[in-house]
Amino acid sequence: MKVVWTPEAQQDRADIWDYIATESPLAAARMDELFGLAAARLARHPLLGKPGRVPGTRELIPHESDRLVYEIEGEAVWVLALVHTARQWPPVRDA
């Protein structure tokens, strides 16, 4: 399967990189590598994650502090978000 990172997920990944890199560029690179490896595993085994909190999604934990949210559509795995496990997911929408 093909893995596609949405612009929102790409921004989440960049934000995580930037946050970690302020303390340790090496740790940021390692974390980003974990995200890439997780996506590569999903390309081969898209049902690897568990059913997500949002209907129709699945979630994989590439690192104890981060949740990779994705959905499967046809022959593609769409990475929707990277969320720190301490953050509210799904985000609360203002009414």
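Scoring rules and cut-offs
Chains are numbered independently. Their residues run from 1 in the order of the written sequence. Since the coordinates come from a predicted model, pLDDT governs what is reported: local features require at least 70, and pairs of side-chain atoms require 80 or more to be given and counted, while whole-chain, interface and lining totals use all residues. Only heavy atoms go into the side-chain values, all of them from the structure, while hydrogens and water stay out. Runs of H or I in DSSP of at least four residues are treated as helices and runs of E of at least two as strands, each being numbered from the N terminus. We take the radius of gyration over the C-alpha atoms and set the globule estimate at 2.2 Å times the residue count to the 0.38 power. Accessibility here uses a 1.4 Å probe with only protein chains present; expressed as a share of the type maximum, an area under 20% marks a residue as buried, one over 50% as exposed, and anything in between as partly exposed. A contact between two residues is defined here by any heavy atoms of the two lying within 4.5 Å. The protein chains shown are the only cover counted for residues, whose accessible areas, like all others here, come from Shrake-Rupley with a 1.4 Å probe. By the counting scheme adopted, Arg and Lys are positive, Glu and Asp are negative, and His together with the chain ends is not counted. Every charge is mapped to an atom, namely NZ of Lys, CZ of Arg, CG of Asp or CD of Glu. Along the chain, pLDDT gives the predictor's confidence residue by residue, from 0 to 100. Whenever Lys or Arg places a side-chain nitrogen within 4 Å of a carboxyl oxygen from Asp or Glu, that contact is recorded as a salt bridge. For a helix, the expected span equals 1.5 Å multiplied by the number of residues minus one. Taken from the helix axis, the directions to the C-beta atoms give the arc we talk about.

Quick look at the overall build of the protein chain
Reasoning step 1: Helix and strand counts for the protein chain come out as two helices and five strands.
Reasoning step 2: Its C-alpha radius of gyration of 13 Å places the protein chain within 12% of the 12 Å reference for a compact globule of 95 residues.
Reasoning step 3: The principal-axis extents of the C-alpha atoms in the protein chain amount to approximately 40 × 40 × 25 Å.
Reasoning step 4: By the burial criterion, 37% of the 95 residues in the protein chain qualify as buried.
Reasoning step 5: Of the contacts formed within the protein chain by residues at least 6 apart in sequence, a portion of 39% connects residues at least 24 apart.
Reasoning step 6: With an accessible surface of roughly 6000 Å², the protein chain has 56% of that area assigned to carbon and sulfur atoms.
Reasoning step 7: Averaged over its 11 positive side-chain charges, the protein chain has a centre that lies 7 Å from the centre of its 14 negative ones.

Side note on the confidence of the model for the protein chain
Reasoning step 1: In the predicted model, the protein chain carries a mean pLDDT of 91, and the fraction of residues at 70 or more is 93%.
Reasoning step 2: Mean pLDDT across the secondary structure elements of the protein chain bottoms out at strand 3 (residues 58–63), with 93, and peaks at strand 1 (residues 2–5), with 96.

A look at the pattern of salt bridges
Reasoning step 1: What the rule picks out here adds up to three salt bridges.
Reasoning step 2: Here Glu33 ties to Arg30 by a salt bridge, and the two come within 3.1 Å at their closest N and O atoms. Remark: Arg30 and Glu33 occur in helix 2 (residues 25–44); sequence separation between them is three residues, near one turn of the helix.

Describing helix 2
Reasoning step 1: With 20 residues, helix 2 should reach 28 Å at 1.5 Å per residue; the first-to-last C-alpha distance of 29 Å fits that figure.
Reasoning step 2: Among the residues of helix 2, those classed as buried are Ala28, Met31, Leu34, Phe35, Ala38, Ala39, Leu42 and Ala43.

Points about helix 1 (residues 7–21)
Reasoning step 1: Taking 1.5 Å of rise per residue, the 15 residues of helix 1 would be expected to cover 21 Å, and the 21 Å separating its terminal C-alpha atoms lies within 8% of that figure.
Reasoning step 2: Of the residues making up helix 1, those classed as buried are Ala9, Asp12, Arg13, Ile16 and Ile20. End-on, the buried residues of helix 1 take up no more than an arc of 95 degrees, which puts them together on one face. Exposed residues lying more than 90 degrees from the buried face of helix 1 are Pro7 and Glu8.

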